[in-house]
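# An overview of the molecular structure
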Amino acid sequence: MKCSRVFAAGIAVSMMALAYVPQAAADVERGELLTTSCFSCHSIDGTGNMPNLVGYPRDLMVSQMRAFKDGSRPGTIMNRHAKGYTDEEIVLMADYFDTLQ
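The rules behind these values
Each chain carries its own residue numbering, running from 1 in the written order of its sequence. Where totals are concerned, whole chains, interfaces and linings use all residues; where local detail is concerned, this predicted model gives features only for residues with pLDDT of at least 70, and gives and counts side-chain atom pairs only at 80 or more. The basis for every side-chain value is the complete set of non-hydrogen atoms in the structure, without hydrogens or water. We count a stretch as a helix when DSSP gives it H or I for four or more residues in a row; a strand needs E for two or more, and each element gets its number in order from the N terminus. Relative accessibility thresholds used throughout: buried, under 20% of the residue-type maximum; exposed, over 50%; partly exposed, between the two (1.4 Å probe, protein chains only). Should any heavy atoms of two residues lie within 4.5 Å, those residues are counted as being in contact. In this description, accessible areas are obtained by the Shrake-Rupley approach with a 1.4 Å probe, and a residue is regarded as covered only by the protein chains that are shown. Per residue, pLDDT captures the predictor's confidence, and it can take any value from 0 to 100. A pairing counts as a salt bridge when a side-chain nitrogen of Lys or Arg comes within 4 Å of a carboxyl oxygen of Asp or Glu.

Moving on to the overall build of the protein. Scanning the protein for helices and strands turns up 5 helices and 0 strands. In the protein, the order of α-helices and β-strands from amino to carboxyl end is α-α-α-α-α. Scored against the burial criterion, the 101 residues of the protein give a buried share of 23%. Put simply, of all contacts in the protein between residues at least 6 apart along the chain, 57% involve residues at least 24 apart. A total of about 7100 Å² of accessible surface is found on the protein, and carbon and sulfur atoms cover 61% of it.

A separate point is the confidence of the model for the protein. Across the protein, the average pLDDT comes to 79, with 71% of residues at 70 or higher. Per-element mean pLDDT across the protein ranges from 50 in helix α1 (residues 2–19) up to 96 in helix α3 (residues 58–70).

The tally for this structure, following the rule as stated, stands at 6 salt bridges. Between arginine 66 and aspartate 87 there is a salt bridge, and its shortest N-O distance comes to 3.9 Å. Of this pair, arginine 66 sits in helix α3 while aspartate 87 sits in helix α5 (residues 87–99), and the two are 21 residues apart along the sequence. Judged by relative accessible area, which is 36%, arginine 66 ranks as partly exposed. Overlapping salt bridges bring together Arg30, Glu88 and Glu89 as one network.

Okay, structure coming up:
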């Protein structure tokens, strides 16, 4: 009985600790997850035909993705991709790309 109380208390403490994960770290992880498909076309090392997104300036990324999304910048594929993201997701992706070196 005492062992199960200690176990339950340990789980409760662990769950509380997870609740306090800094939001910035969670946002980077989410941004990283959102960008995984980007590297199918945009190379990580700059050898592809599409622009290299590693270290791409955050504000430029946000403005370009919003332009693709609203149709003010024409595209063959990117306009369709951009429409699938919320403005919040676009910012998270731009934040993540900006952190890469």
